[in-house]
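Structural description and commentary
Next come the chains, spelled out residue by residue.
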Amino acid sequence: MVKKNETYENMLEKLKDIVDKLESNELNIDDSMKMYEEGTKLVNRLYKTLDTLEGKIKVISEEGELEIKE
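Residues numbered from 1 in each chain as written. Predicted model: local features only at pLDDT ≥ 70, side-chain atom pairs only at ≥ 80, totals over all residues. Heavy atoms only, no water.

With respect to the overall build of the protein chain
Each helix and strand counted, the protein chain has two helices and zero strands in total. Buried residues in the protein chain amount to 13% of all 70 residues. In the protein chain, of all internal contacts separated by at least 6 residues, the share reaching a separation of at least 24 is 68%. Accessible surface, the protein chain: about 6100 Å² in total, of which carbon and sulfur atoms supply 54%. (Helix = DSSP H or I, 4+ residues; strand = E, 2+ residues; numbered from the N terminus. Buried < 20%, exposed > 50% of the residue type's maximum accessible area, 1.4 Å probe, protein only. Contact = heavy atoms within 4.5 Å. Areas by Shrake-Rupley, 256 points an atom, 1.4 Å probe, with all protein chains shown as cover.)

Points about the nonpolar core
Counting residues in each nonpolar core, the largest one holds six residues, listed as Met 11, Leu 15, Ile 18, Met 35, Leu 42 and Leu 46. For this core, the elements supplying multiple residues, two or more each, are helix H1 (8–23) and helix H2 (29–69). Those residues within four positions of Leu 46 in sequence are excluded, and the remaining contacts are Tyr 8, Met 11, Leu 12 and Leu 15. (Core = buried A, V, L, I, M, F, W, Y, C linked by side-chain atoms within 4.5 Å.)

Brief notes about a nonpolar patch on the surface
A surface patch of nonpolar side chains, about 360 Å² in accessible area, is lined by Ile 29, Met 33 and Tyr 36. As for its placement among the helices and strands, Ile 29 is situated in helix H2. For Ile 29, a relative accessible area of 64% gives the class exposed. (Patch = residues over 30% accessible without salt bridge, like charges linked within 9 Å, V, L, I, M, F, W, Y side chains within 5 Å. Salt bridge = Lys/Arg side-chain N within 4 Å of Asp/Glu carboxyl O.)

Focus on the pattern of salt bridges
Evaluation of the coordinates by the stated rule reveals one salt bridge. For the salt bridge of Lys 14 with Glu 6, the shortest nitrogen-to-oxygen distance reads 2.9 Å.

With respect to a negative patch on the surface
Where like charges cluster on the molecular surface, the negative patch consists of Glu 13, Asp 17, Asp 20 and Glu 23. Structurally, Glu 23 is set in helix H1. (Lys, Arg positive; Asp, Glu negative; His and termini not counted. Charge placed at Lys NZ, Arg CZ, Asp CG, Glu CD.)

Examining unusual backbone geometry
Positive phi is not limited to glycine here, since Asn 25 has a value of about 60°. Overall, the relative accessible area of 68% leaves Asn 25 in the exposed class.

Regarding H1
Its 16 residues place the ends of H1 23 Å apart at the C-alpha level, agreeing with the 22 Å of an ideal helix rising 1.5 Å per residue. Listed in full, the buried residues belonging to H1 are Met 11, Leu 15 and Ile 18. Seen end-on, H1 carries its buried residues on one side only, within an arc spanning 60°. Along H1, the residues that are exposed and aim more than 90 degrees away from the buried face are Glu 9 and Glu 23. One or two steps after H1, the chain reaches Asn 25, where phi turns positive at roughly 60°. (Expected span 1.5 Å × (residues − 1). Arc of directions from axis to C-beta.)

Written as structure tokens, this is what we have:
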């Protein structure tokens, strides 16, 4: 289950574990679907986290450029 305040690194590690389990071919179809769903949710959260961080970096970069120009 994906927790709301997990770190990027923790979510990435969980995603790696899910991929390993899916690739092992040891899960039945129902468990595979559950793992796939959880992995998809993790991927979406990871993308959102990266998008947020990218926005923060742009703001910081733009502020730095303004300081240099002045």
